[in-house]
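So the chains spell out like this:
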Amino acid sequence: MSKKLSGISKTIAAIVLIIIIIVAGVLVYFYYGSTQPKPTLTVYALWTGTEQYNFEQALGNFTQNTGINVTYYGQTTENLLVSVPQQLANPPYDVDVIIAPWPYWISDNSPYLTTVNDVVTESDFPANIINPVKDESGNLWAAPFKLSGKPGFWFRDSFFQDNGLTVPTTYDEFKNTLLPAIKAVPGVEQAIASGDTVGWPLSDTAEGFIIGLGGYQLQLDLEKGPSARNWTDPQVENVFGNLTDLLEAGYFSTPADWEAQLAKLWDGKYGIYWQGSFITTLPEIQDVNDLDFFPFPGTNGVSGSVDYAVITKDAPHLNEAKQLVQYLAGADAQEIMVGQGGFLATNVNVPSSAYTTIDKKVVAFMGEPGMTIVPDLDDTIGGQWQQTFWDQLKLLWTSPSTSTMNNVLEALQTAAIQQQGP
Amino acid sequence: MMKNKNKNPFFFLRRFFTVSRLFLIPAFIFLMIFVFYPIVATIYTSFFSNSTGNFVGLGNYDFVMFRGVYPLINVPNLLQGTPPLGGLINNFIWIAIHLPVVVLSGMFLAVLLRDVKGGTIIKSIVFLGVVIPLVVGGVLFRFIYDKDAGIANAFLSLIGLGGLTRTWYAFADTALLSIILGSIWIWTGFGMIVYSAGLQGIPVELYEAAEIDGASRWKTFWRITVPMLRSTSIVVVTMTVLWELKIFDIVYVVTRGGPGGTSDVLAYEMYNVAFFGGNYAAGSAIAVILTLMTIGFAAYMVTRMSKP
């Protein structure tokens, strides 16, 4: 009997011991896991300077809430367009999240990205912002983050007031009254600043004319390609003809570094400057209360570009990357960004009270009845056509004439056919 | 019975794979992977369509030479003499302007500074252009040619030509020329240093004999110095032309081949077509064209060098 009891006791002892070991192991695992440092995410985007600083405030808030560190690396446009896709196609790599403003780039690189259907609530965003990054199967490849509108010509209120200038309501007033008046102001070099270094300042200006003189549908047609509209179409020729007239009249400056041109606008060397709404946060704008804009007279549309956050397919920290993208697409992060200025939210749940005064004006303008937001032209088409567009506009700006204009439109048509088909 | 050595396969293997040749195998493997294979793959790719993968023969070459947005030879514009003329033509213009200026100024500076006090310091300053990375050189020229910040325009204003000031690289008629002028400054030091070395090799007795015979300085230069620098000149010309054919960095930084393709060159168009256009087949075609030109020219110059 005692032998049998001894055997049972040994079995029970062994079972208890095993249970203790398992429980201890689980406790150690969770304790160890909770005290381990969280991984550090790597994020790429195009922002530098003030925009980078503002973005890092939102990232800091994310880190505070989740304990997940984020390291941000600013990229050049060239790097993001050309080199980063090469990385994505050849893992392993370090980057977890990329923020890019080109829907075509996201579409081309979708084989190397992770869908975000489980991260983003589509109803939080307008359809025309979600649809460009959604494929036919309903896969959502990117989360909308920042909206930049190109609402019109920016100017200093005090410059207009001091020189008796008024905002034009028609194109005729703009061309025949305002521009000559600006040019006549002492110290002014040219009426309109033109930006360079990268190609988008000129292309944004050209889009302002396309939408303003041709209507938003014209831009949408051009984005579809020659099957919808040729660049040699009479309506397009008319738009560029008007632009060329202003260039020939010397109202535009020679293209120069776009940030330096902002500083010159502030110094009264130029009267107006077609730019995106993000400039309200830049240091060259010394007093945002003195900044204002007017839309292209008579326009029925406004070009907008969206910065989307994507998760790489072989992200080193996939779960944490999803948390970050969910955060960036959410109202909290976007409200932080909005409060810093120069940022328009894509999430519809961000209250208008969060915006600065000037940004609120931009949002109100873009939401006006009869105003249609259209995607940025060259960001939508992309590829070599975008490079050609930027390059040809520089040619038109520096050698304006009817023959140059015709050559430019022919070149754009050739490039469009080669990229988008006839 | 002794085996016939000549029929023994190992005999030939042992004769071929000597110890010294065995040491070459790692380098050979490296060359095969990183040099020969990419060359063969590039040539192969250039004969196939980028979109369909079908064999298209010389279709890609025809496209890049004549039918692209920025063809390498823009025939209509070439006939009218209005830019853009095409990347290949721009490279030839680059050679036509850059080569004689660099060769002559390099020779002139080498002769001038040969026996001058402080000549070494001046040569070092001139040579700075060669050691500066071309990307840095390009950034420098963007500043130098800038309408507001550039010293080129400041100099023009100083001498009373303020009406000519402009951002020289931004305009179709001056973009290519402004980069070429900048590249002359960058590369002249190379010619000067090579010629300086070449001058050291000319026997002093020749100059002494000429002096005794009463030859003028010009005749001494023309009849002794220039002929004796023939092989040096071939080296300078060869290296300079190869440099001009593959020029990329300075074009990329200053103008991106624009405005409107007026400063486009072979190497930049290859980059643009392949990486922005995603057309690797067309980019390969340009690469093959560039390679054939450089190999052809280099082979010709090496042949010239070996002739007396």
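Every value quoted in this text rests on a predicted model; they were computed, and no experiment measured them.

1. Observations regarding the overall build of chain B
Here's step 1: Broken down by element type, chain B carries 15 helices and zero strands.
Here's step 2: Relative to the 2.2 N^0.38 estimate, which gives 19 Å for 308 residues, the radius of gyration of chain B is 25 Å and therefore markedly larger than a compact globule would have.
Here's step 3: With respect to the three principal axes, the spread of C-alpha positions in chain B is 95 × 65 × 35 Å.
Here's step 4: Scored against the burial criterion, the 308 residues of chain B give a buried share of 33%.
Here's step 5: Taking contacts inside chain B between residues at least 6 apart in sequence as the whole, the part at least 24 apart equals 65%.

2. Considerations on the overall build of chain A
Here's step 1: In terms of regular secondary structure, chain A is built from 17 helices and 14 strands.
Here's step 2: Considered along the principal axes of its C-alpha atoms, chain A spans approximately 115 × 50 × 35 Å.
Here's step 3: When burial is assessed residue by residue, chain A has 45% of its 422 residues classed as buried.
Here's step 4: The long-range share in chain A, meaning contacts at least 24 apart out of those at least 6 apart in sequence, stands at 78%.

3. Looking at the interface of chain A and chain B
Here's step 1: Each side of the interface is counted separately: chain A has 18 residues, and chain B has 17 residues.
Here's step 2: When contributions to the side of chain A that touches chain B are tallied by element, the ones reaching two or more residues are helix H16 (383-398) and helix H17 (402-420) of chain A.
Here's step 3: For the side of chain A that touches chain B, the element with the most residues is H16 of chain A, which contributes nine residues.
Here's step 4: Looking at the side of chain A that touches chain B residue by residue, the class counts come to six nonpolar, 10 polar and two charged.

4. Observations regarding the sheet that holds strand E10 (residues 270-275) of chain A
Residues and elements named next belong to chain A.
Here's step 1: A sheet is described by the order of its strands in space; here four strands give the open sequence E7-E10-E6-E11, paired in mixed fashion. One side of each edge strand has no neighbouring strand; the edge strands of this open sheet are strand E7 (190-193) and strand E11 (291-294). Between one strand axis and the next, the sheet turns by 30° as a mean value, whatever way the strands run.
Here's step 2: Direction of pairing for strand E6 (residues 152-156) relative to E11: antiparallel, over a ladder of four bridges. For Phe 155, the partnering residue across the bridge sits in E11 and is Asp 292.
Here's step 3: On the sheet, helix H11 (residues 258-266) packs against E6, E7 and E10 and is oriented at approximately 140° with respect to E10.

5. Looking at the pairing of strand E3 (residues 97-100) of chain A
Residue and element names in this part refer to chain A.
Here's step 1: Burial along E3 is two-sided: Val 97 and Ile 99 facing one way and Ile 98 and Ala 100 facing the other are all buried.
Here's step 2: Inspection of the sheet shows strand E1 (residues 40-45) paired to E3 by two bridges, in the parallel sense. By the bridge assignment for E3, Val 43 is matched with Val 97.
Here's step 3: For E3 and strand E12 (residues 301-312), the ladder comprises four bridges, and the chain directions are antiparallel. Across the sheet, Val 97 pairs through a bridge with Ile 311, a residue of E12.

6. Section: helix H3 (residues 59-67) of chain B
Here's step 1: Three or more residues of H3 of chain B are buried, namely Asn 60, Phe 63, Val 64 and Met 65 of chain B.
Here's step 2: Each element contacted by the buried residues of H3 of chain B is listed here: helix H14 (266-276) and helix H15 (280-306) of chain B.

7. Some points on the nonpolar core
Considering soluble globular proteins, one finds that nonpolar side chains tend to be buried as a cluster.
Here's step 1: Val 97, Ala 143, Tyr 273, Tyr 308, Ala 309, Val 310 and Val 325 of chain A are the most contacted members of the largest nonpolar core, which has 155 residues in total.
Here's step 2: When we break this core down by domain, the ones giving at least three residues each are domain 1 (40-148 + 306-359) and domain 2 (150-305 + 364-417) of chain A.
Here's step 3: Excluding residues within four positions of it along the chain, Ala 143 of chain A makes contact with Val 116, Val 119, Val 120, Tyr 308, Ala 309, Val 325, Leu 328 and Ala 329 of chain A.
Here's step 4: Grouped together as the second largest cluster of nonpolar side chains are 13 residues, Trp 187, Met 192, Val 194 and Tyr 195 of chain B included.

8. Thoughts on the domain arrangement of chain A
All names here are of chain A.
Here's step 1: Domain boundaries assigned for chain A yield domain 1 (40-148 + 306-359) and domain 2 (150-305 + 364-417).
Here's step 2: The gap between the C-alpha centroids of domain 1 and domain 2 is 27 Å.
Here's step 3: Facing 21 residues of domain 1, the contacting portion of domain 2 comprises 20 residues.
Here's step 4: When contributions to the side of domain 1 that touches domain 2 are tallied by element, the ones reaching two or more residues are helix H2 (49-66), helix H4 (103-108), strand E5 (143-150) and helix H14 (357-366).
Here's step 5: Of the residues contributing to the side of domain 1 that touches domain 2, the split by class is 10 nonpolar, nine polar and two charged.

9. Section: the environment of Leu 246 of chain A
Residue and element names in this part refer to chain A.
Here's step 1: Tracing the backbone shows Leu 246 in helix H10 (residues 234-248).
Here's step 2: On the neighbour-count criterion, Leu 246 (17 C-beta atoms within 10 Å) is partly exposed.
Here's step 3: Spatially, the C-alpha atoms of Leu 246 and Ser 194 are 12 Å apart, while their sequence positions differ by 52 residues.
Here's step 4: For Leu 246, the contacting residues outside a window of four places in its chain are Lys 175, Tyr 251 and Phe 252.

10. Focus on the packing of helix H5 (residues 87-112) of chain B against helix H9 (residues 175-200) of chain B
Residue and element names in this part refer to chain B.
Here's step 1: Between H5 and H9, the least distance of the axes is 7 Å, while the angle of their chain directions is 40°. Considering the angle they form, H5 stands oblique to H9. Of the two elements, H5 crosses H9, and the hand of that crossing is right-handed.
Here's step 2: Here the contact of H5 with H9 is composed, by residue class, of 17 nonpolar, eight polar and no charged.

11. A closer look at the packing of helix H6 (residues 119-131) of chain B against H9 of chain B
Residue and element names in this part refer to chain B.
Here's step 1: Put simply, H6 and H9 touch, their axes get as near as 6 Å, and they point 125° apart. Compared by their axis directions, H6 and H9 come out oblique. Between H6 and H9 lies a crossing whose hand is left-handed. Facing H6, whose interface residues are Lys 123, Val 126, Phe 127, Leu 128, Gly 129 and Val 130, H9 presents Trp 185, Ile 186, Trp 187, Thr 188, Gly 189, Phe 190, Met 192, Ile 193 and Ser 196.

12. Observations concerning helix H8 (residues 200-214) of chain A
Residues and elements named next belong to chain A.
Here's step 1: With 15 residues, H8 extends 20 Å from end C-alpha to end C-alpha; this agrees with the ideal 21 Å at 1.5 Å per step.
Here's step 2: Taken across its 15 residues, H8 has 14 buried, putting it largely inside the fold.
Here's step 3: In the stretch just after H8, Gly 215 is the one whose phi turns positive, near 95°.

13. A few points about the pairing of E10 of chain A
Residues and elements named next belong to chain A.
Here's step 1: Of all six residues making up E10, six are buried, and the element is well covered by its neighbours.
Here's step 2: One ladder, built from three bridges, connects E6 with E10; its direction is antiparallel. Each residue of the ladder has a partner; that of Phe 153, found in E10, is Trp 274.
Here's step 3: The pairing of E7 with E10 spans three bridges and is classified as parallel. Its bridge partner lying in E10, Ala 193 is registered against Tyr 273.

Parameters at a glance
- Once a new chain begins, its residue numbering starts again from 1 and follows that chain's sequence as written.
- Going through the entries in the order they are written, you letter the chains from A and number the ligands from 1.
- Per-residue local features of the predicted model are confined to residues with pLDDT of at least 70, and side-chain atom pairs are confined, for both listing and counting, to 80 or more; whole-chain, interface and lining totals are unaffected and use all residues.
- Going along the chain from the N terminus, every DSSP run of H or I of four or more residues is numbered as a helix, and every run of E of two or more is numbered as a strand.
- Both definitions apply: the radius of gyration is a C-alpha atom measure, and the globule rule equals 2.2 Å times residues to the power 0.38.
- In this scheme the burial state of a residue depends on its C-beta neighbours within 10 Å: 20 or more other such atoms mean buried, 12 or fewer mean exposed, and anything in between means partly exposed; the C-beta positions come from the backbone.
- Distance between backbone-placed C-beta atoms decides contact: two residues are in contact if it is within 7 Å.
- Charged residues are taken to be Asp, Glu, Lys and Arg, nonpolar residues to be Ala, Val, Leu, Ile, Met, Phe, Trp, Tyr, Cys and Pro, and polar residues to be all remaining types, Gly included.
- By definition, two strands form a pair when at least two bridges between them are found by DSSP.
- For helices, the axis comes from a line fit to the C-alpha atoms of the stretch in contact; other axes are also lines fit to C-alpha atoms, and the angle between any two N-to-C directions lies between 0 and 180 degrees.
- Remark: nonpolar core denotes a set of buried Ala, Val, Leu, Ile, Met, Phe, Trp, Tyr and Cys residues whose joining runs through C-beta atoms within 7 Å.
- Domains are outlined according to an automatic or database domain assignment.
- Between 65 and 115 degrees an angle is taken as roughly perpendicular, under 35 as roughly parallel, over 145 as roughly antiparallel, and anywhere else as oblique.
- We call a crossing left-handed when the near helix sits turned anticlockwise from the far one by less than a right angle, and right-handed when that turn is clockwise.
- Helix span, as expected, comes to 1.5 Å for every residue beyond the first.

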